[in-house]
Amino acid sequence: MRRSIPMCALVVAAGLAACAAGVARGGATTEEQTHDQGRLTVYRLSVTPAPEPDPPLRHRLLPLRTEQRRGNAAPMYYRAMMASPAVSKSLREKHGEAYDEWYSSGTPLQDLPLDKVREAAAAWDSVVAELREASQRRDCEWDWQLEKIRGPELFAFVLTEIQESRELTRALMLRVRLALAEGRYDDALAALRINYKMARDVAAEPLLICGLVGIAEAGIGNAAVVEWIGGPNSPNLYWALAELPRPLIDLREAVQFEMTGVLRAFPLLMDAETAVLSPDEWARQLAEGLAGMTMNEQEMRTPLRSLQLRLAGTGIALATYGPAKARLAVSGMSAEQIDAMPVGQVIAIDAAREYRRVADEFEKWWYTPFRTAAEHQSSAERTLSGGLTEGGYGRMLASLLIPGLQSARTAQERLMWELGGLQTVEALRMHAAATGSLPAKLDEIEVVPVPINPATGAHYAYTLTDGVGVVELPFSDGFPSVARRYEITLAQ
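We now examine helix α5 (residues 160–181). With 22 residues, α5 should cover 32 Å at 1.5 Å per step; its first-to-last C-alpha distance of 33 Å lies within 8% of that length. G183 sits one or two positions beyond α5 and adopts a positive phi of about 75 degrees.

So, about the nonpolar core. Of all hydrophobic cores here, the largest spans 134 residues; its most connected members are L248, L269 and Y486. Here this core gets 18 residues from one element, more than from any other, and that element is helix α17 (residues 388–435). L269 has contacts with L263, L286, A348, A351, A352, Y393 and L397, leaving out every residue within four places of it along the chain.

In spatial order, the strands read β4-β5-β10-β9-β8; together these 5 strands make up an open sheet with mixed pairing. What marks the edges here is a single partner per strand, and that holds for β4 (27–35) and β8 (461–465). The sheet shows a mean angle of 20 degrees between the axes of neighbouring strands, direction not considered. Inspection of the sheet shows strand β9 (residues 468–473) paired to strand β10 (residues 481–490) by 5 bridges, in the antiparallel sense. From the neighbouring strand, E472 faces β10, where its bridge partner is R485.

So, about the environment of R356. Its location among the elements puts R356 in helix α15 (residues 343–363). Overall, R356 belongs to the partly exposed group, its relative accessible area being 38%. Distance from R356 to L263, taken between C-alpha atoms, is 9.1 Å for residues 93 residues apart in sequence.

Turning next to the packing of aromatic side chains. Across all of its chains, the model carries 10 aromatic pairs by this definition. Taken together, Y77, Y78, W142 and W144 form an aromatic cluster joined through their ring pairs. The positively charged end of R409 is found above the aromatic ring belonging to W366, 5.3 Å away from the centroid.

How each quantity is defined
Here the residue index of a chain counts from 1 through its sequence in written order. This being a predicted model, a pLDDT of at least 70 is required before a residue's local features are given, and a value of 80 or more before pairs of side-chain atoms are given or counted; all residues contribute to the totals for chains, interfaces and linings. Side-chain figures throughout are based on the complete set of non-hydrogen atoms in the structure, without hydrogens or water. Runs of H or I in DSSP of at least four residues are treated as helices and runs of E of at least two as strands, each being numbered from the N terminus. The span expected for a helix works out to 1.5 Å for each residue beyond the first. Side-chain atoms within 4.5 Å link the members of a nonpolar core, which is a set of buried Ala, Val, Leu, Ile, Met, Phe, Trp, Tyr and Cys residues. The rule is simple: take the accessible area with a 1.4 Å probe, protein chains only, and divide by the maximum for that residue type; under 20% is buried, over 50% is exposed, in between is partly exposed. We call two residues contacting when some pair of their heavy atoms lies within 4.5 Å. Pairing between strands is defined by DSSP: at least two bridges between the two strands are required. Fitting a line to C-alpha atoms yields each axis, with helices limited to the stretch in contact; the angle taken between N-to-C directions then spans 0 to 180 degrees. When the centres of two rings from Phe, Tyr and Trp lie within 6.5 Å, Trp using its six-membered ring, the rings pair. Their planes under 30 degrees apart give stacked, over 60 give edge-to-face, and anything left gives tilted. Our definition puts a charge over a ring when NZ of Lys or CZ of Arg is within 6 Å of the ring centre and also within 35 degrees of the ring normal.

Have a look at this one:
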């Protein structure tokens, strides 16, 4: 562990660390460590104590809705995305792989070639102007009309624009890091604010992929906040972080949409109890529905695929018909009703009911605190165990969707876990501004409430050893393969 020389003096009233020789300087370095449990990111921060801003909410990481204009942000995002590929291609042709190090922590702030980075940042001016305008619009309606899409097309829906938005985040981070390197905190904050707003707008449509991209973009912004905290005499962002919505990216509607999406992708299941089809048509539609999740329409129409579909339909019927009859009988359906239906309809009705049961079993835990949901995850997973005979076609469909939903909940909470860790570091800086030193324990902090770790329901793990304060976000918090550590010293 790297430790700095003890602090020379501290001007407590101003909340600024200073040496007898001159102005305080901060710094941030990042190290990625590989462990058996995954990747630990270690941030080593030499920070200047920072008091509460005056006024406290002078710095905000999202635009105030009362200061935004009515209107739709999506057209501005589309214009930015249209211009983005040409700009990024030009910059990579000119600067090569170095360009991709400038907007990330690959190149430390103090090592940025400022003249080149300024030129690269200026190339994005017209794109950023569109993003700035988008951030001032209250709403974002992508208008994909997803609720009208039915059948396998729901799985084939292409979201090119959402993936393109990642490049826009890179452009914004380039400007953030340049501004931080030059000590222009107001400019860095303006670009961060645009990025957090865009992340929420990207996640506005109720699709998990949109939400996950938005979470990734916000996470990139979090990494820039770490560098902000390590900047010399940087303003304290404790209240700016506290103001952010909890959760910052809410995937609840996306989960609800995805849960019902399987039934929309297989309309046959939605109408299973009332539809009137021939036995052959029931078998064909069931097989095509399952195939539609793993192959495109052209593949499904080849002679070989047509044969495979027929065989699949026969196989599903043989494996699931008997258990499906038994489950329907247990549910109260009479033997006469069951025997009067085509085999495919029996399977379809059972599939729809079983899917809803399993889906609800998973979804209900979404509405509990993360740590509670995590405790019940294994029991929910057991509902997916077994083969076709135990859960039928419905459980098979659920098994294709549910793991992705679990990962989405983890991603949503991990973002808040990271933000809480950053807010804890800012609480430490505020305490140091008031007292002249880092606390021995988080309980000593009185200037602001100490954030709660959403994974544990308690404060984040913290120790102070030889002047180095360490905030731990360990693997044991339950985010697979991810851990964070902030090693904090007071700057000279």
